[in-house]
Amino acid sequence: VALGYYLSLDLMYPIAHFYWAVSPTIALGIQPAYITKPGETPDAKMTGYGGLLSANYFSEEYFRGFWIQGATGFYRLTATQPGITETLNCPAIHAVFGWREDWAHGLNVGAGLGARFLSPLSGFVSDVKLSTFHAIAQVELGMSF
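Fair warning: this is a prediction, and the values are worked out from it, not measured in the lab. (Residues numbered from 1 in each chain as written. Predicted model: local features only at pLDDT ≥ 70, side-chain atom pairs only at ≥ 80, totals over all residues. Heavy atoms only, no water.)

Novice: Looking at this structure, how should I read the overall build of the chain?
Specialist: When helices and strands are tallied, the chain shows 0 helices and 8 strands. Listed N to C, the secondary structure of the chain is β-β-β-β-β-β-β-β in terms of helices and strands. The principal-axis extent of the C-alpha atoms belonging to the chain is close to 55 × 25 × 20 Å. Here the chain holds 145 residues, and 43% of them are scored as buried. Residue pairs at least 24 apart in sequence account for 57% of intrachain contacts in the chain once pairs closer than 6 positions are excluded. Of the charged side chains in the chain, 7 are positive and 10 negative; the average position of the first set lies 5 Å away from that of the second. (Helix = DSSP H or I, 4+ residues; strand = E, 2+ residues; numbered from the N terminus. Buried < 20%, exposed > 50% of the residue type's maximum accessible area, 1.4 Å probe, protein only. Contact = heavy atoms within 4.5 Å. Lys, Arg positive; Asp, Glu negative; His and termini not counted. Charge placed at Lys NZ, Arg CZ, Asp CG, Glu CD.)

Set out below in structure tokens:
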């Protein structure tokens with residue numbers, strides 16, 4: 001189980017990541033997330049929720065070493081400005097390359113850089129801008145059981 005944060009130029013939001021080790025160097029995971037982003041005017045904003053299913057490879061056994069993560073999933077985004085609301089179901093693809101370290105008693109920390117593709121808004125809500133391609137940094141603090 002890990003709690004973390006995604007940082008990018010236009011989206012920043014907390015995540016939870018639940019991993020399940022299927023071998024000593026491979027883990028599958030699920031990442032639920034809640035997104036909120038202010039618009040270009042005070043009354044405009046975007047909110048959303050969704051999640052990703054991830055596949056993770058670690059160069060050393062049990063969440064250690066070089067880390068590669070690939071994920072795909074969906075987000076339900078709602079963009080609003082006065083008089084207009086747009087709701088979309090957006091597919092997402094995500095890849096991160098980084099390093100993960102595990103200390104005694106299962107405490108681990110991971111950090112990586114990567115990219116995410118998130119389907120664009122249709123443009124009806126002009127006061128909320130969202131890039132489809134995001135360069136991201138991911139930081140996680142976790143506990144393995």
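Structure's up, so let's keep going.
Novice: Sorry, what's going on with the sheet that holds strand 7 (residues 107-118) here?
Specialist: Strand pairing in a sheet relies on backbone hydrogen bonds, with the paired strands running either antiparallel or parallel. As summarised here, the arrangement of the 8 strands in space is 1-2-3-4-5-6-7-8, forming a closed barrel in which the pairing is antiparallel. Pairs of neighbouring strands in the sheet enclose a mean axial angle of 25 degrees, with direction left out of account. Two elements, strand 2 (residues 12-21) and strand 3 (residues 26-38), share 5 bridges in a ladder whose sense is antiparallel. When the bridges of strand 3 are listed, isoleucine 15 appears paired with alanine 33. (Pairing = 2+ DSSP bridges. Axes fitted to C-alpha atoms, helices over the stretch in contact; angles between N-to-C directions.)

Novice: Where do I start with the layout of surface pockets in this structure?
Specialist: A probe matching the size of a water molecule, rolled over the atoms, marks out where space remains unfilled. Empty space within the largest pocket amounts to approximately 180 Å³. Lining of the largest pocket is provided by 13 residues; of these, Val1, Tyr19, Phe63, Ser144 and Phe145 occupy positions nearest its centre. A per-element tally of the lining of the largest pocket places strand 2 first, with 3 residues. (1 Å grid on protein atoms, 1.4 Å probe; cavity = no way out; pocket = protein on both sides within 12 Å on 5 of 7 lines; lining within 4 Å. Points joined across faces, edges and corners; volume = space filled by probe spheres on them.)

Novice: Is there a simple way to think about the environment of proline 24 in this case?
Specialist: Considering the arrangement of structural elements, one finds proline 24 in the loop between strand 2 and strand 3. Look at proline 24 and you get partly exposed, because its relative accessible area is 32%. Considered as a pair, proline 24 and glycine 48 are 24 residues apart in the sequence and their alpha carbons are 34 Å apart. Sequence-distant contacts of proline 24, that is, excluding residues within four places in its chain, are made with Glu60, Glu61 and Tyr62.

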